[in-house]
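# Analysis of the macromolecular model
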Amino acid sequence: MSMYGRDPWGGPLEINAADSATDDDRSRNLQDLDRAALSRPLDETQQSWLLGPSEQKKKKKYVDLGCIIVSRKIFVWTVGTLVVSAVLAGLITLIVKTVPRHHHGKPPPDNYTLALHKALMFFNAQRSGKLPKHNNVSWRGNSCLRDGKSDPGTTMKDLVGGYYDAGDAIKFNFPASFAMTMLSWSVIEYSAKYEAAGELNHVKEIIKWGTDYLLKTFNNSADTIDNIAAQVGVGDTSGGSTTPNDHYCWMRPEDIDYPRPVYECHSCSDLAAEMAAALAAASIVFKDNKAYSQKLVHGARTVFQFARDQRGRYSAGGSDPALFYNSSSYWDEFVWGGAWLYYATGNSSYLQLATHPKLAKHAGAFWGGPDYGVLSWDNKLAGAQVLLSRLRLFLSPGYPYEEILRTFHNQTSIVMCSFLPVFTSFNRTKGGLIQLNHGRPQPLQYVVNAAFLAALYSDYLDAADTPGWYCGPNFYSTDVLREFAKTQMDYILGKNPRKMSFVVGFGNHYPKHVHHRGASIPKNKIRYNCKGGWKWRDSKKPNPNTLVGAMVAGPDKHDGFHDVRTNYNYTEPTLAGNAGLVAALVALSGDKSTGIDKNTIFSAVPPMFPTPPPPPAPWKP
């Protein structure tokens with residue numbers, strides 16, 4: 001008969017009830033067994049165990065390793081083999097290390113990364129003021145060091161610095177602010193890609209050069225202001241005017257000697273709100289530099305308040321800016337500036353403003369129109385909708401913002417659908433370039449912005465584990481959006497009917513007669529005066545200086561392009577255009593798996609919901 005007890009480790013314990021012997025009995029039985037075992041003849045190993053080393057006759061035949069005993073012969077062979085193997089391995093390693101061989105390094109950088117290095121150099125060439133030592137553009141020098149001081153009528157006396165807008169020497173703050181906002185946005189989303197390309201410090205320097213100047217254009221230490229310097233320099237040559245100015249004269253910026261008036265505005269909501277967006281976005285880029293970041297945030301709050309208090313367009317009434325960068329309205333800048341200020345401060349009053357239905361309605365969020373969904377220096381609505389869709393995708397703040405955020409998210413989906421070739425919202429050239437400005441000149445600045453938004457939005461969806469989005473009943477993968485962005489950027493970099501890159505210095509075939517004063521006049525210690533430079537403007541020879549990284553205005557609607565210096569509609573680059581180019585290139589560069597930085601943009605945003613209570617203490621009996 002047997003019974004089973006429970007083993008705490010899971011198996012049964014068999015207990016033999018018949019065996020009732022005591023421990024003493026068992027121990028005696030074992031001793032009897034030991035004696036019985038000794039009566040049998042012992043082999044050598046057993047003798048060695050019992051008699052000890054002094055009684056072993058052939059003790060050298062075996063080696064005792066503690067846990068096992070092995071034949072000495074086998075032991076010697078094993079150790080010998082191991083030693084020889086180790087020596088051979090060492091020799092092989094030594095030979096492998098010392099013999100020169102071809103290293104398989106990292107794969108070569110892709111075209112987008114190569115073009116990115118060049119596109120950023122354009123900003124170095126556009127710098128005004130006293131240049132940093134490491135500017136790396138040999139044909140540029142210090143210029144316009146009396147900006148502000150030379151105009152007795154302006155309240156801002158130090159307007160040195162900033163960027164020249166295009167091929168001229170005018171500083172237009174409206175498109176320049178937009179350019180800085182776009183660069184900051186691209187850094188916030190793709191800092192890891194900039195880092196991988198070795199350009200993070202460079203792009204941050206470029207942004208700071210722009211924001212340092214913007215802070216000079218108003219009283220940035222005050223809480224309220226009543227004017228902003230909107231522009232330095234004048235370009236109006238209408239009516240046959242021969243007064244020397246930045247468009248009539250063709251001079252290197254370093255040689256300018258004519259007066260440069262400052263245009264100030266007292267009701268300029270569009271400009272002020274765009275400046276607020278630029279300063280707020282940059283404050284996130286520089287969040288690790290606390291003092292500078294706070295200075296930018298304070299400046300952004302001040303100009304945004306001014307934009308709200310003193311309503312009006314900065315380019316109203318036939319002013320000089322209206323000729324070149326005429327703003328159509330300021331409502332889109334209110335949404336855009338409000339969104340950026342919310343991200344920079346976490347103050348929900350900015351989010352309430354940016355998601356106000358009336359504001360969205362005025363900005364044109366609920367109706368189409370031929371230019372709906374086209375992001376540009378004039379209309380930021382598409383950018384603002386993508387920026388606020390980000391909030392819904394990752395933080396989902398819910399009531400009271402959900403309704404308008406859902407609307408913006410839906411509108412963003414519609415805009416993305418409009419970029420796809422299967423829809424006919426926009427024509428395409430035979431070569432495949434999307435006509436976002438409907439065949440009008442200078443198309444590329446709009447194309448790069450769309451490519452950036454498409455690549456960025458596809459990265460948003462990927463980061464939110466969403467495989468795509470709907471256009472009506474049809475579902476499209478995020479890869480389709482990325483493919484749109486790539487085909488457009490590839491066209492710009494040379495995959496077009498003319499086999500020509502529209503980015504100067506990229507590839508073998510690119511524009512050589514760029515509409516740009518500094519690049520077209522040799523740095524030969526000769527100072528060409530206002531009209532003296534005309535011979536360089538009208539020359540058929542290529543520019544003596546290469547404006548590396550400049551994206552020209554672009555081809556016409558038939559893919560045609562004339563590399564002619566005097567036709568700015570083909571050959572003039574701009575700050576805003578190049579900012580979009582940089583943003584699109586970094587979004588497409590490097591490894592797709594790198595994706596966006598999901599959290600940095602939200603670093604100032606407080607938690608959306610109350611902190612959950614701590615978990616209860618563990619229960620004790």
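Residues numbered from 1 in each chain as written. Predicted model: local features only at pLDDT ≥ 70, side-chain atom pairs only at ≥ 80, totals over all residues. Heavy atoms only, no water.

### Some words on the overall build of the protein chain
A count of helices and strands for the protein chain gives 20 helices and 9 strands. When burial is assessed residue by residue, the protein chain has 50% of its 621 residues classed as buried. Sequence-distant contacts, at least 24 apart, represent 72% of the contacts inside the protein chain between residues at least 6 apart. When the accessible surface of the protein chain is split by element, carbon and sulfur atoms take 57% of a total near 30,600 Å². (Helix = DSSP H or I, 4+ residues; strand = E, 2+ residues; numbered from the N terminus. Buried < 20%, exposed > 50% of the residue type's maximum accessible area, 1.4 Å probe, protein only. Contact = heavy atoms within 4.5 Å. Areas by Shrake-Rupley, 256 points an atom, 1.4 Å probe, with all protein chains shown as cover.)

### Regarding the sheet that holds strand E6 (residues 228-232)
Strand order in the open sheet made by the 3 strands is E5-E6-E7, with antiparallel pairing throughout. The sheet is open, and its two borders are formed by strand E5 (171-172) and strand E7 (262-265), each paired with just one other strand. (Pairing = 2+ DSSP bridges.)

### Quick word on the state of the cysteines
Under the definition given, this model contains 3 disulfides. The disulfide partner of Cys265 is Cys268, and the gap between their sulfur atoms is 2.1 Å. Every disulfide takes its handedness from the sign of the S-S torsion; for Cys265 and Cys268 that torsion is 70°, giving right-handed. Looking at Cys268, the relative accessible area reads 0%, which means it is buried. A disulfide bridge connects Cys417 with Cys471, and the sulfur atoms are separated by 2.0 Å. Judged by the sign of its S-S torsion, about -100°, the cystine formed by Cys417 and Cys471 is left-handed. Of this pair, Cys417 sits in helix H14 (residues 402-419) while Cys471 sits in strand E8 (residues 468-471), and the two are 54 residues apart along the sequence. Under the relative-accessibility criterion, Cys417 is labelled buried at 8%. Ordering the disulfide-forming cysteines of the protein chain by sequence position, one finds them joined as 1-6, 2-3, 4-5. (Disulfide = S-S within 2.5 Å.)

### Considering the pattern of salt bridges
What the rule picks out here adds up to 17 salt bridges. With a closest N to O distance of 2.7 Å, Lys380 and Glu333 form a salt bridge. Residue Lys380 is located in the loop between helix H12 (357-362) and helix H13 (381-394), and its partner Glu333 is located in helix H10 (residues 331-345); the two are separated by 47 residues in the primary sequence. The same class applies to Lys380 and to Glu333, which are both buried. Arg482 is the salt-bridge partner of Asp459, the closest N and O atoms lying 3.2 Å from each other. Of this pair, Asp459 sits in helix H15 (residues 444-463) while Arg482 sits in helix H16 (residues 478-492); the two residues are 23 residues apart in sequence, bridging distant segments of the chain. No difference in accessibility class separates Asp459 from Arg482, as the two residues are buried. (Salt bridge = Lys/Arg side-chain N within 4 Å of Asp/Glu carboxyl O.)

### Observations concerning the UniProt feature "active site" (unreviewed entry) in the protein chain
Here the UniProt-annotated "active site" (unreviewed entry) positions come out as His515, Asp563 and Glu572. Over a stretch of 58 residues, the named residues converge on one spot in the fold, their C-alpha atoms separated by at most 10.2 Å. Residue position: Asp563 is located in the loop between helix H18 (534-537) and helix H19 (568-571). Those residues in contact with Asp563 that sit more than four places away from it in its chain are Tyr510, Pro511, Lys512, His513 and Thr571. At 2.8 Å, the side chain of Asp563 and the backbone nitrogen of Lys512 are in polar contact. In this structure, Glu572 sits in the loop between H19 and helix H20 (575-588). Not counting the four nearest positions on each side in its chain, Glu572 is found in contact with Ala166, Gly167, Asp168, His515, Met551, Val552 and Ala553. (UniProt positions renumbered as here; feature names shortened; annotations may be inferred. Polar contact = N/O pair within 3.5 Å; in protein donor to acceptor, adjacent residues only side chain to side chain.)

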